[in-house]
Amino acid sequence: AQSVTQPDIHITVSEGASLELRCNYSYGATPYLFWYVQSPGQGLQLLLKYFSGDTLVQGIKGFEAEFKRSQSSFNLRKPSVHWSDAAEYFCAVGAPMFSGGYNKLIFGAGTRLAVHP
Amino acid sequence: DTAVSQTPKYLVTQMGNDKSIKCEQNLGHDTMYWYKQDSKKFLKIMFSYNNKELIINETVPNRFSPKSPDKAHLNLHINSLELGDSAVYFCASSQEVAGGTWEQFFGPGTRLTVL
């Protein structure tokens, strides 16, 4: 069965510091991978996605993620964190349900990011 | 222009009541979803509809009944509400691409509190 693990429940960084949020997945085939961000009281916004091709993907707000098949990982990075990045971050894997490409998203438990000034 | 909208944003009700949450998307997508986010922020899919037809029905109590009157709407009706139904419910939509994948666009969520 497909699953997503985000090992860090809560991370605190100082503003301007670099950030890496970890994500490991379990999936038999080539996964479709996503990172979403949820600000307090808000819905989910897609940061970036990986379908195929270049394993380093760029997203919005200065985020990037690297797909490493050998490690079953899709870690999210940002070189310099801003106070407005404080939020909940979710990694997700897209699981095909039918040959036609119907899917559902399986989410990790999320990582809460706090940013110190 | 809100892409995926949900009403109401907050819903407080008593145990045993019946309530509905509405979702509308103006993106022209053909697939819509309901997700439940519990108090620990864990997100889990409940239902998915494609062109008004149910394609995903996870292990959800039959007190929950989704209804899709057209491609742009997916409503969630909940009968006999229980304390454990308290959660944030998210609607999402996407455009299916055969053999490929797609992005799911999420609504702002409906926070349901059952007293």
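Worth saying up front: this structure is predicted, and the values here are computed from it rather than measured.

> Tell me about the layout of surface pockets, and please be specific about residues and values.
Residues and elements named next belong to chain B. In this structure, the largest pocket occupies an estimated 290 Å³ of space. Lining the largest pocket are 20 residues, and of these Q37, K41, A87, V88 and R111 lie nearest its centre. Elements that contribute at least two residues to the lining of the largest pocket include exactly β9 (87–94) and β11 (110–114). Considering only residue class, the lining of the largest pocket consists of six nonpolar, ten polar and four charged.

> Explain the pattern of salt bridges residue by residue, including any values.
Opposite charge on two side chains permits them to pair, given that their charged atoms come into close proximity. Residue and element names in this part refer to chain A. A complete count under the given rule lists ten salt bridges over all chains for this structure. Across the pair D8 and R22 runs a salt bridge whose closest N-O atoms are separated by 2.9 Å. Taken together, the residues D8 in the loop between β1 (3–5) and β2 (10–14) and R22 in the loop between β3 (19–21) and β4 (24–26) connect sequence positions 14 residues apart. Given the relative accessible area of 38%, R22 is considered partly exposed.

> Before we move on, can you summarise empty space enclosed by the protein with the specific residues and values?
Residue and element names in this part refer to chain A. According to the stated counting rule, one finds one cavity of 30 Å³ or more in the structure shown. If you add up the space inside the largest cavity, you get close to 40 Å³. Together, V37, S39, K61, F63, S84, D85, A86, A87 and Y89 line the largest cavity. Residues that form the lining of the largest cavity fall into these classes: five nonpolar, two polar and two charged.

> Give me the lowdown on the state of the cysteines, citing residues and values where you can.
All names here are of chain B. Scanning the model with the defined rule gives two disulfides over all chains in all. A disulfide bridge connects C23 with C91, and the sulfur atoms are separated by 1.8 Å. Between C23 and C91 the sulfur-sulfur dihedral comes to about -75 degrees; the bridge is accordingly left-handed. Remark: C91 occurs in strand β9 and C23 occurs in strand β3 (residues 19–25); sequence separation between them is 68 residues. Judged on exposure class, the residue C23 and its partner C91 are both buried.

> Give me the sheet that holds strand β7 (residues 64–70) of chain B: which residues, what numbers.
All names here are of chain B. In space, the four strands of this open sheet follow the order β1-β3-β8-β7, with antiparallel pairing throughout. Strands with a single pairing partner mark the edges of an open sheet, and in this sheet they are β1 (4–7) and β7. Within this sheet the neighbouring strands show an average axis-to-axis angle of 20 degrees, counted without direction. With five bridges joining them, β7 and strand β8 (residues 73–78) adopt antiparallel strand pairing. Note on β8: the bridge partner recorded for S65 is H77.

> So what's going on with the nonpolar core? Residues and values would help.
One finds L19, W35, L47, L48, F74, L76 and Y89 of chain A to be the most contacted residues of the largest nonpolar core, which totals 29 residues. In terms of residue count, the dominant contributor to this core is strand β10 (residues 87–96) of chain A (five residues). The residues touching L76 of chain A, leaving out its near neighbours within four places in the chain, are L19, E20, L21, W35, L47, L48, F63, E64, A65 and Y89 of chain A. Counting 20 residues, the second-largest nonpolar core is a separate cluster that includes L44 of chain A together with V88, W102 and F106 of chain B.

What counts and what doesn't
Residues numbered from 1 in each chain as written. Chains lettered and ligands numbered in written order. Predicted model: local features only at pLDDT ≥ 70, side-chain atom pairs only at ≥ 80, totals over all residues. Heavy atoms only, no water. 1 Å grid on protein atoms, 1.4 Å probe; cavity = no way out; pocket = protein on both sides within 12 Å on 5 of 7 lines; lining within 4 Å. Points joined across faces, edges and corners; volume = space filled by probe spheres on them. Helix = DSSP H or I, 4+ residues; strand = E, 2+ residues; numbered from the N terminus. Nonpolar A, V, L, I, M, F, W, Y, C, P; charged D, E, K, R; others polar. Salt bridge = Lys/Arg side-chain N within 4 Å of Asp/Glu carboxyl O. Buried < 20%, exposed > 50% of the residue type's maximum accessible area, 1.4 Å probe, protein only. Disulfide = S-S within 2.5 Å. Pairing = 2+ DSSP bridges. Axes fitted to C-alpha atoms, helices over the stretch in contact; angles between N-to-C directions. Core = buried A, V, L, I, M, F, W, Y, C linked by side-chain atoms within 4.5 Å. Contact = heavy atoms within 4.5 Å.

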